[in-house]
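Commentary on secondary and tertiary structure
Here are the chains, one letter per residue:
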Amino acid sequence: SFSAIMERLEDNVHSLELARKTLHAIMAKIGQGISNMQNIDTFLGLILETVTDGLGGKAGALLVLEEDKKTLTTRCIYGTTVEPRRQKPVDVREGTTLHSVLASRRPLLFPEIPADIKETKSLAYLAMTPMICAPLIMKEKTLGMIIVSGRKVPEMFEEDEVNLLANVAAQTAVSIENSRLNQD
């Protein structure tokens, strides 16, 4: 009926408005962090917290690819009591989920947790469905990835949320690279 169609349309408009406000809040926080970036780890933690909350995720992690390009080190974690410094580096072997994310150079959405992630003890805190992994890419350089897992609401991540994480990951990669250049 017409009233049901109008009601659904109003719900969709309301959802879009919420998504726009969430995106605006995320980008404002990131912009604020960039403008007074004194400590890169604090800034990365702010990005991870903001994007995890903004996407309605339960947990998030930011992993940085080491110079050997074979190991990911946990830089920051959000949504759990796990300490990043206590996490063992994760090997990025060909054929693994993490390797697939880095090699694809695009965000990947996992409705179910891949077996190799479940079996990696240092990533156990992320073993919640669904999960999005977005690589941190600047130009031709892959610097790591952001992972958001679990949902506070029982829904799958939407395509626009996956794209939002990809955009945040790209901005984060620029910040990490700038921080590295400033240290040199």
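Our structure is the block above this text.
Residues numbered from 1 in each chain as written. Predicted model: local features only at pLDDT ≥ 70, side-chain atom pairs only at ≥ 80, totals over all residues. Heavy atoms only, no water.

1. Quick notes on the nonpolar core
With 24 residues, the main nonpolar core has Leu55, Leu62, Leu136, Ile146, Val148 and Leu165 as its most contacted residues. Of all elements in the fold, only helix H2 (40–54), strand E1 (59–65), strand E5 (131–138), strand E6 (141–149) and helix H5 (159–183) reach the threshold of two or more residues within this core. The greatest single-element share of this core, amounting to seven residues, is contributed by H5. Core analysis: the next-biggest nonpolar cluster, separate from the first, contains 22 residues, Ala59, Ile77, Val92 and Leu102 among them. (Core = buried A, V, L, I, M, F, W, Y, C linked by side-chain atoms within 4.5 Å. Buried < 20%, exposed > 50% of the residue type's maximum accessible area, 1.4 Å probe, protein only. Helix = DSSP H or I, 4+ residues; strand = E, 2+ residues; numbered from the N terminus.)

2. Quick look at a nonpolar patch on the surface
Taken together, the side chains of Phe2, Met6, Leu9 and Val13 present a nonpolar region at the surface, about 410 Å² in accessible area. Secondary-structure assignment places Met6 in helix H1 (residues 2–35). On the basis of relative accessible area, Met6 is assigned to the partly exposed category, the value being 32%. (Patch = residues over 30% accessible without salt bridge, like charges linked within 9 Å, V, L, I, M, F, W, Y side chains within 5 Å. Areas by Shrake-Rupley, 256 points an atom, 1.4 Å probe, with all protein chains shown as cover. Salt bridge = Lys/Arg side-chain N within 4 Å of Asp/Glu carboxyl O.)

3. As for helix H3 (residues 97–104)
When we look at burial in H3, the residues that qualify are Thr97, Leu98, Val101 and Leu102. Around the axis of H3, the buried residues are gathered within 135 degrees of arc, so they sit on the same side. (Arc of directions from axis to C-beta.)

4. Some remarks on the pairing of strand E2 (residues 71–78)
In terms of strand pairing, E1 meets E2 through six bridges, oriented antiparallel. Looking across to E2, one finds that Leu65 is bridged to Leu72. In sequence, E1 turns back onto E2 through a hairpin of five residues, with Lys69 there showing a positive phi of about 60 degrees. Sheet topology places E2 next to strand E3 (residues 90–91); two bridges connect them, and they run antiparallel. Within the sheet, the bridge partner assigned to Leu72 lies in E3 and is Val90. (Pairing = 2+ DSSP bridges.)

5. A short note on a negative patch on the surface
A cluster of acidic residues, Glu66, Glu67, Asp68 and Asp91, forms a negative patch on the protein surface. The topology assignment puts Asp91 in strand E3. (Lys, Arg positive; Asp, Glu negative; His and termini not counted. Charge placed at Lys NZ, Arg CZ, Asp CG, Glu CD.)

6. Topic: the pairing of E1
Counting buried residues along E1, seven of its seven residues qualify, which places the element largely inside the surrounding structure. Residues Ala59, Ala61, Leu63 and Leu65 line one face of E1 and the alternating positions Gly60, Leu62 and Val64 line the opposite face, and both faces are buried. Where E1 lies against E6, six bridges are found, and the strand directions are antiparallel. Bridge pairing links Ala61 to Ile147 in E6.

7. A few points about the pattern of salt bridges
Enumeration over the complete set of coordinates arrives at five salt bridges. A salt bridge links Glu177 to Lys141; the shortest N-O distance between them is 3.1 Å. A residue pair is termed long-range when its members are at least 10 positions apart, and Glu177 in helix H5 and Lys141 in strand E6 qualify at 36 residues. Glu177 sits in the buried class, given a relative accessible area of 10%. Judged by its relative accessible area of 38%, Lys141 falls in the partly exposed class.

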